[in-house]
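Take a look at the letters that make up each chain.
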Amino acid sequence: MACYRVHPIHRTLTSGLSRRDFLTVGAVAGLGLSLSDFFAIRSAQAEQKHYDFVEPTAQSVIQIFLPGGMSAQESFDPKPYAPIEYRGELGSINTNVDGIVFSETLPQTAQVADKLTVIRSMTHGEAAHERGTHNMFTGYRPSPAIVFPSMGSIVSHEYGPRKNLPPYVCIPNQPNEYAGTGYLSSSFAPFSLGADPAAGGFTVRDLARGADIDDTRFARRRSALEAVNDYFSQKVKADAVGAMDTFYERAFSLIESKEAREAFNIDAEDAKLRDEYGRNEAGQRMLMARRLVEAGVRFVTLTYGGWDHHANVTQAMRGQMPAFDQAFARLVRDLDERGLLDTTMVIVSTEFGRTPKVNNQAGRDHWPKVFSAVLAGGGVKRGIAYGATDATANEPDINPIGPEDLATTIYRCLGIIADKELMAPGDRPIEIVKGGAVRQDLLA
Amino acid sequence: MHEPIRLKGPLQTSAPLHLAKGVLSVVLLFASTSARAEEPAWTSLVLYPPEISLSNSADYQGVVVVATRADGVTLDVTAEAELSVAEGSLAIFESATVRPLADGETSLVAKYAGLEASSKIVVAHAADQRPVSYMLDVMPVFARAGCNSGSCHGAARGKDGFRLSLFGFDPSGDHYRITREQATRRINLAVPNDSLLVEKASGAVQHTGGKCIEPGSKYYDFLSRWLADGAPSDAGSAPAVSKLAIYPPAAVMQGEGTTQRFIAVATYSDGTTRDVSDLARIATNNENSTPIDESGLVTAGVRGESFITARFDVHTVGSQVLTLPSDLQFTASDEVPANYIDTLVANKLNKLRIQPSPLCSDEEFLRRVTLDIVGLLPTVEEYHAFLADEAPDKRAKKIDQLLAKKEFSEIWAMKWAELLMVKTVANRVEYKPMFLYASWLANQIADNVPINEIVRNILGSTGGTFSVPATNFYQLEPDTQKTAENVAQTFLGLRIQCAQCHNHIFDRWTMDDYYGFTAFFAQIGRKTGEDYRETIVFNSGGGETKHPVTGQVMAPKFLGGETPDVAGKDRRQVLADWIASPENPYFATSVANRVWAHYMGVGIVEPVDDIRVTNPASNPELFDTLGAKLVEYNYDFKQLVRDICNSNTYQRSTEVNESNAGDLRNYSHALVRRVQAEMLLDSISQLTETKDKFRGLPLGARAIHIADGKTSTYFLTTFGRAKRDTVCSCEVDTQPSLSQALHLINGETIEGKIRQGKVIETALEAGKTPTEVLDEITVRCLSRKPTDDERNKLMALIGEAEKPVAELQDAFWAILNSREFLFNH
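Residues numbered from 1 in each chain as written. Chains lettered and ligands numbered in written order. Predicted model: local features only at pLDDT ≥ 70, side-chain atom pairs only at ≥ 80, totals over all residues. Heavy atoms only, no water.

**Quick word on the overall build of chain B**
Helices and strands together make up the secondary structure of chain B, namely 28 helices and 26 strands. Relative to the compact-globule value of 28 Å for 825 residues, chain B shows a C-alpha radius of gyration of 31 Å, a close match. Along the first, second and third principal axes, the C-alpha set of chain B runs to 100 × 80 × 50 Å. Of all 825 residues assigned to chain B, the portion counted as buried reaches 60%. Residue pairs in contact within chain B that sit at least 24 positions apart in sequence constitute 65% of those at least 6 positions apart. Within the structure as shown, chain B displays about 31400 Å² of accessible surface, and the carbon and sulfur contribution to it stands at 52%. (Helix = DSSP H or I, 4+ residues; strand = E, 2+ residues; numbered from the N terminus. Rg over C-alpha atoms; globule rule 2.2 N^0.38 Å. Buried < 20%, exposed > 50% of the residue type's maximum accessible area, 1.4 Å probe, protein only. Contact = heavy atoms within 4.5 Å. Areas by Shrake-Rupley, 256 points an atom, 1.4 Å probe, with all protein chains shown as cover.)

If you want it as structure tokens, here you go:
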């Protein structure tokens, strides 16, 4: 297992004010960093809670987010013994783990249940989409005073790029504003593919040099660029310029590494495997994600579908779930076959659950009190169901777990102690996650 | 979780605290006099509050005396100053507090270092005892102790079975929940101190929130006496808080450990005032520079700027505090200000002991001002002409030249179109009305119609979306509440969204304000015109807004203003007149701040559409003055732009010195800004002599001309063009990204345009030498000649060929990829 290196930024954080620090500090200026903040940051650096990295079990994360609030009753937490108005119209099926039952919508996933940790007791209090989404992406409740960074941006901040690839990639695009950098510098923003891998003729733009730009010309361009940049970088020290410098460095390493660029070439995948994932959004996005983490990307976020089923939840699930089921089951098996599942954590989550009782439009409304999430690999147990809901999926009955604990546990697998503080504007050192606990029961 | 609060009234705490501070400041003065020969003299003395009204026997008022030095440093001299009541039989002064003795008028006089200050004292009803009041005494306890905060009982569902309205927006409901929701559970009128309300709050029984009120404290006493009186409610009859003030209103503290006490004074609708320092929540926004204790005492920490806020009832007020190290050597710059802007900026910088950067070079100025005013780069001819011009006022002339160009108004038409969300919307706004709206807006700005008139025309508009394009404003956002929120944010810079569900936490806005403001938009009628793409917007004359808590119909009320007579009128026109009027307290400052932010890179209030007490202006005097100037100029913002661009402040270098390296909000140096998407693309097309084709526009149109927010290109989207989905100023994104770098390096924009425009080929064919071509493209893109070092390095790469097309193209590519090109500096 490759050892994680501490990103250079952090070496300088403790030892006075370097230019890097200045960049990190200044980069939050867009959020209103004032002179006071600048001085305060200098003085507060010494007071930040700091932890070293611990030995990670997960080298990479694939975060599959199902926006809209997927019904747990119609997926990972069916209630076959509840009255029909709670149970819904869909039946349930056994999985390959004794005692764990899924909805009939997940036949293929049921066959990889022995590789999953199903969390059925997720809970938080936010019934609005954007607030629930914020919770799940950041591990924080939304605050009117500060924008928190997403897990992907935190990983990018803590570890930096690997094998010339961007540390945090979104497929196809950054799915919502909470998947961004929050109070951190824009250098830690996700790289968006900008196109859907399921689309015909998919390519990631601008990775390859123009046809008539050979090595000589490219080298000349880089030398010329360095010569022109020299003058300006000596005169001007500004955060945004520093962030642009970083992105140019990363862009060049990406362009010049064939392996790195090849990670984005989904056509290099075996056609049969592409079929097995499914030639649709769910399938090709998950396959792309696997390709990326295999090549070195640390954190991949992808979304699939829309799950806000206030009406006709049965039909909606029957429409959308099969593609997810096929792709997700194949992804888990694929990672396992390649020996990557032990070092890659797959997270399936959504912003909240849906009401216990089916409403008069045959749908279910928002229900943040309890919902399901699924983890696989990267150091979590295999084949368990963690937590449980009551008979009608009304409340978490056993082991309720909030976004703070889930995020803290995920960070722990990544080798990051989430109590560590990063510097936010308003001279506030802020914990990566505040008050979260590692749920040891989830860990293998 | 909040801090438990115990009574520490002025009587108990002020004496020892002031004693301690007295010692400190003596030491400080001694130290500084020995270190520096010339200690600036005390130049003024102020006694706060300026008026003291005492209206019952238990009333009191704490006072603060502040001395100010010639260099702006202030010191709390309450303990050192000699204070006395002129007519000793009417009031008594002790422990920094005035208490009533007998009815009458007199004054409190303070003397310090040969200076004198006084405050009027009015005593009335000195013999009367006021019973404990639910509104005046009990509700403030819930707020001060944090009971009704969002994390405790103020949560939407309450906490542990008991709910209070968030920050007390619903006193009657709170009274009901305390006294009758669960009869006899929460209060015990027979034995008041056995009431669960009291026992929980004081920690006598298990309470999730812990002990919030100390038994025996003033807060405990209020609750206890109120219950003993039978827990009456005077909601609706008690005088309301009409104003809150924090004193001193600003401070400049020098030396770590120096202290300054802050007091809060409320003015009620019956004209009385009250010392609410121990009832308000007084807080700092910067713990490192100005930590504050429960009694309102700030102890200076590290160098910085902060804001001390007091919140009481629905009011929040703030005081700007600067903290400076004691051993700072500083000589104020003797630069002559170009206009009022420089004077106001220098006032602040001098207080901060910051030395501004010098003015930028002519080359830098030319590039910056051209990009800012017309969104393009100076041409080679313009560059040479400007550098050759020896006139001392050539910068001012250049500004006037640029302001006269049509591109100036085009940029502002685009910026307003962003805020007004001009775009097509499926099934609601078709291309034709959208295009008419965009054109109308562009023409208004091109014709120099005063901005308040434009806004008046938009808000008060009636008619078809074809014939009166301004009515599209109401078509783009059909929701009443959202419209009210957008109007507040776009035209007043205020975000009132929070007050839809509860009184605003960080601002003054209450639910009453929110629904009162929403009521202006309750009577908008819409019907489809003869052409299905046209909608007729009209005043339906019917429809009301109800307060969701009380169910009461809300009369239309201006934000922070009066309730106008709207009978028989189009409510929107009444509102439009108010917003467009020179007396409007928000409109002019908010627009001026947006204009300022465009040229300076950051607003005096930032974000520009989030103006509130707790997000203060970095330079309040400048903020107000720019607004006043806009009004003075009859809302012609072009004149304001002229003032801004002619100031030294705008023309400073981006290079920093030791004292201003950390400054990002006080305009001591120019800020480096990534060029906005549209202007960047237009500049690249200009330099490469290529034309763009955008949907609905002729070949060669510029990106800033795109009318429809839905029309974009990969380049524009990647570089953060506003989608116009919301009115938020944050829609325009100038943050760099990896996709941007990749696109500039490999993408079609630069690569394709260099090839297509044939600038290099044309220049070589015209007989220019490679060095001449290199010089020319550098001037074109960067508004400067290459340095010798650059020329040597680049010519070495270009080589000896007679017509090195590919080599020079590579140099062109490098310049267009350079940070210097991508940023305005």
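**Some remarks on the state of the cysteines**
All chains considered together, the criterion is met by one disulfide over all chains. Between the sulfur atoms of Cys728 of chain B and its disulfide mate Cys730 of chain B the distance is 2.2 Å. The sign of the S-S torsion, about 135 degrees, decides the handedness of the disulfide formed by Cys728 of chain B and Cys730 of chain B: right-handed. Cys170 of chain A forms no disulfide, and the closest cysteine sulfur to it belongs to Cys730 of chain B, at a distance of 18 Å. The thiol sulfur of Cys645 of chain B is not disulfide-bonded, and the nearest other cysteine sulfur, from Cys360 of chain B, lies at 11 Å. (Disulfide = S-S within 2.5 Å.)

**Some points on the confidence of the model for chain A**
When pLDDT is averaged along chain A, the result is 88; 88% of the residues meet or exceed 70. Taken as a whole, residues 1-46 of chain A scores under 50 in pLDDT and shows 93 contacts with residues more than four places along the chain or in a different chain. (pLDDT = per-residue confidence, 0-100.)

**What to know about the sheet that holds strand E11 (residues 241-247) of chain B**
Residue and element names in this part refer to chain B. Strand order in the open sheet formed by three strands is E11-E14-E15, with antiparallel pairing between adjacent strands. The two strands at the open ends of the sheet, each matched to only one other strand, are E11 and strand E15 (273-275). On average, adjacent strands in this sheet sit at an angle of 25 degrees to one another, irrespective of strand direction. Pairing of strand E14 (residues 263-268) with E15 involves three bridges; the strand directions are antiparallel. The partner of Thr267 across the bridge, within E15, is Thr273. (Pairing = 2+ DSSP bridges. Axes fitted to C-alpha atoms, helices over the stretch in contact; angles between N-to-C directions.)

**Points about the packing of aromatic side chains**
Enumeration according to the criterion identifies 32 aromatic pairs over all chains in this entry. Here Phe218 of chain A and Phe252 of chain A contribute two aromatic rings whose centre-to-centre distance is 5.9 Å and whose plane-to-plane angle is 65 degrees, an arrangement assigned as edge-to-face. Of this pair, Phe218 of chain A sits in helix H8 (residues 215-235) while Phe252 of chain A sits in helix H9 (residues 239-256); the two residues are 34 residues apart in sequence, bridging distant segments of the chain. Comparing Phe218 of chain A with Phe252 of chain A, the two get one shared label, buried. Measuring from centroid to centroid gives 4.3 Å for Phe715 of chain B and Phe719 of chain B, while their planes differ by 15 degrees, and the two rings are stacked. A single burial state applies to Phe715 of chain B and to Phe719 of chain B, both of which are buried. Through pairs of rings, three or more aromatic residues link up here, namely Trp416, Phe473, Tyr474, Phe491, Phe517, Phe520, Phe521, Phe558 and Trp578 of chain B. Positioned over the ring face of Phe252 of chain A is Arg222 of chain A, at 4.0 Å from the centre of the ring. (Phe/Tyr/Trp six-rings, centres within 6.5 Å; stacked < 30°, edge-to-face > 60°. Lys NZ or Arg CZ within 6 Å of the ring centre and 35° of its normal.)

**Topic: helix H26 (residues 788-798) of chain B**
Taken as a whole, H26 of chain B has its buried residues at Glu790, Arg791, Leu794, Met795 and Ile798 of chain B. Seen from one end, H26 of chain B has its buried residues packed into an arc of 120 degrees, which puts them on one side. Exposed and oriented more than 90 degrees from the buried face of H26 of chain B are Asp788, Asn792 and Ala796 of chain B. Each element contacted by the buried residues of H26 of chain B is listed here: H8 of chain A together with helix H25 (770-782) and helix H27 (805-817) of chain B. (Arc of directions from axis to C-beta.)

**A word on the pairing of strand E8 (residues 97-100) of chain B**
All names here are of chain B. Bridge analysis of strand E3 (residues 61-62) against E8 gives two bridges, and the strand direction is antiparallel. Bridge pairing in E8 places Gln61 opposite Val98. Of the strand pairs in this sheet, strand E7 (residues 91-94) and E8 are connected by four bridges, and their pairing is antiparallel. By the bridge assignment, Ala91 is partnered in E8 with Pro100. Where E7 folds back on E8, the antiparallel hairpin that results is connected by two residues, among which Ser95 adopts a positive phi of roughly 50 degrees.

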